[in-house]
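Descriptive structure summary
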Amino acid sequence: MAYINELTVLTFLLILGFVAGTFAEGRHYNSIKKRERMLKRIPAISMRTPPDMNCDQVLVSGNIVIANDYFKLFVAGLKGIFGGQLNTYESLLDRGRREAVLRMKEEARKLNARLIVNVKLTTSNLGVAQNKSSGSLEVYAYGTALIAK
Amino acid sequence: MLISNLEIVFGKKIIKHLGLVQGSSVRAKHAGRDIMAGLKNLVGGELVGYTELLQESRKEATDRMIEQAQAVGANAVLNIRYSTSSIAAGAAEIYVYGTAVVLTEDLS
């Protein structure tokens, strides 16, 4: 009897994770695409040497801590047995990186910057849950914004 | 204090290198944030509490680096890098390092 209860809880969590997670991801992607179009005019490039310009340079950055939902975590756990591509983590990383870059660009826009150079992205697992891989990670993006004097 | 992750500053000249300066900060989340994060792990999405925590942590590390740079008499820190490592469950270290330099106006 006890394990039927557990199974019910697991099923409930999986359905909750799937529904809420899919909804949240779709909404996040829509927001990312919209803001990426808006911020297209401030390119973020990874070149170290800026084009020769007489401008001020300011460090700008953006970060996000983002987590997978329960369903995706479960699927990733299952796939971990057989190996192969973990799509669920790929979309999480993709969202995280794009969001971090967008936040950096938003900071640059407030400063009226025209370009961000030497952009660096770092990703780290936070180990949020004590003893298991929680599927949450942090992405940090930083670079130098160039502002025309 | 000018902080940049480029190696040059437009219109300025480096007259003295003062070596590496660094700052670090280790923070752990508190229980309230942890519970919220646990819930968020079910439905997915951004963990706002952690985002803020790490932002504060980066600021603290950067401030420590600036303090060190001021102590050696620099007026800028160039080519800075950030790195993060999770050293224990629920605690993250933010580390920032760069080169302390003295800049003057380039009159040429």
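The preceding data block contains the structure.
Below, the structure is looked at part by part. No experiment lies behind these values; they were computed from the predicted model shown.

**Remarks on the overall build of chain A**
- Secondary structure assignment for chain A yields three helices and three strands.
- Mapped from its N terminus to its C terminus, chain A presents α and β elements in the order α-β-α-α-β-β.
- Taking 149 residues into account, the globule formula puts the C-alpha radius of gyration at 15 Å, and chain A, at 20 Å, lies well above it.
- With the C-alpha coordinates of chain A rotated into their principal frame, the extents come out at 75 × 25 × 25 Å.
- Counting over 149 residues, chain A shows a buried share of 43%.
- Nonlocal contacts in chain A, meaning residues at least 24 apart in sequence, comprise 83% of its contacts between residues at least 6 apart.
- Just so you have it, chain A exposes about 8,200 Å², and 61% of that area is on carbon and sulfur atoms.
- In chain A, 21 positive and 12 negative side-chain charges are present, and the distance between their average locations comes to 5 Å.

**Some details on the interface of chain B and chain A**
- Counting from both sides, the interface comprises 31 residues of chain B and, opposite them, 39 residues of chain A.
- Counting the surface lost from both chain B and chain A, the interface buries some 3,100 Å², and carbon and sulfur atoms represent 53% of this.
- The largest per-residue losses of area from chain B upon contact with chain A belong to Asn5(B), Phe10(B) and Leu42(B), which jointly make up 22% of the total buried on that side.
- On inspection of chain B and its partner chain A, the count reaches three salt bridges.
- Between Glu46(B) and Arg103(A) there is a salt bridge, with its nearest N and O atoms 2.8 Å apart.
- On inspection of chain B and its partner chain A, the count reaches 13 residue pairs in polar contact (both at pLDDT 80 or more).
- Every element with two or more residues in the side of chain B that touches chain A is listed here: α1 (31-43), β3 (45-46), α2 (48-71) and β4 (76-88) of chain B.

**Focus on helix α2 (residues 70-82) of chain A**
Residues and elements named next belong to chain A.
- Given a rise of 1.5 Å per residue, 13 residues ought to cover 18 Å, and the 19 Å separating the end C-alpha atoms of α2 matches this to within 8%.
- For α2, the full list of buried residues reads Lys-72, Leu-73 and Ala-76. End-on view of α2: buried residues confined to an arc of 100°, all on one side of the axis. Opposite the buried face of α2, by more than 90 degrees, sit the exposed residues Ile-81 and Phe-82.
- Contacts from the buried residues of α2 go to α1 (2-38) and α3 (87-110).

**Considering a nonpolar patch on the surface**
Residue and element names in this part refer to chain A.
- A surface patch of nonpolar side chains, about 470 Å² in accessible area, is lined by Phe-74, Leu-78, Ile-81 and Phe-82.
- Within the secondary structure layout, Phe-82 lies in helix α2.
- For Phe-82, a relative accessible area of 74% translates into the label exposed.

**Description of the packing of aromatic side chains**
- For the structure on display, the rule yields five aromatic pairs over all chains.
- Here the aromatic rings of Tyr95(B) and Tyr97(B) are separated by 5.4 Å at their centres, their planes lie at 25°, and the arrangement is stacked.
- Residue Tyr95(B) is classed as partly exposed on the basis of its relative accessible area of 23%.
- A connected cluster of aromatic rings, assembled from ring pairs, spans Tyr140(A), Tyr142(A) and Tyr82(B).
- The side chain of Arg58(B) reaches across the aromatic face of Tyr140(A), ending 3.5 Å from its centre.

**A word on a positive patch on the surface**
- On the surface, Lys33(A), Lys34(A), Arg37(A) and Lys40(A) cluster together into a patch of positive charge.
- A relative accessible area of 58% places Arg37(A) in the exposed class.

**Here we look at the side chain of Asn5(B)**
- As for its position among the elements, Asn5(B) is in the loop between β1 (2-3) and β2 (12-28).
- Those residues within four positions of Asn5(B) in sequence are excluded, and the remaining contacts are Leu59(A), Val117(A), Asn118(A), Lys120(A), Tyr142(A), Gly143(A), Thr144(A), Asn79(B) and Ile80(B).

**Section: the environment of Glu7(B)**
Residues and elements named next belong to chain B.
- Here Glu-7 lies in the loop between β1 and β2.
- Residue class for Glu-7 comes out partly exposed when judged on its relative accessible area of 40%.
- Along the chain, Glu-7 and Ile-80 lie 73 residues apart, while their C-alpha atoms are 8.8 Å from each other.

**A few points about unusual backbone geometry**
All names here are of chain A.
- Although it is not a glycine, Asn-112 adopts a positive phi angle of roughly 60°.
- Inspection of the secondary structure assignment puts Asn-112 in the loop between α3 and β2 (115-125).
- Phi is positive for Asn-118, close to 55°, though the residue is something other than glycine.

Here is what the cut-offs are and how they apply
Residues numbered from 1 in each chain as written. Chains lettered and ligands numbered in written order. Predicted model: local features only at pLDDT ≥ 70, side-chain atom pairs only at ≥ 80, totals over all residues. Heavy atoms only, no water. Helix = DSSP H or I, 4+ residues; strand = E, 2+ residues; numbered from the N terminus. Rg over C-alpha atoms; globule rule 2.2 N^0.38 Å. Buried < 20%, exposed > 50% of the residue type's maximum accessible area, 1.4 Å probe, protein only. Contact = heavy atoms within 4.5 Å. Areas by Shrake-Rupley, 256 points an atom, 1.4 Å probe, with all protein chains shown as cover. Lys, Arg positive; Asp, Glu negative; His and termini not counted. Charge placed at Lys NZ, Arg CZ, Asp CG, Glu CD. Buried area = accessible area lost by both parts, 1.4 Å probe. Salt bridge = Lys/Arg side-chain N within 4 Å of Asp/Glu carboxyl O. Polar contact = N/O pair within 3.5 Å; in protein donor to acceptor, adjacent residues only side chain to side chain. Expected span 1.5 Å × (residues − 1). Arc of directions from axis to C-beta. Patch = residues over 30% accessible without salt bridge, like charges linked within 9 Å, V, L, I, M, F, W, Y side chains within 5 Å. Phe/Tyr/Trp six-rings, centres within 6.5 Å; stacked < 30°, edge-to-face > 60°. Lys NZ or Arg CZ within 6 Å of the ring centre and 35° of its normal.

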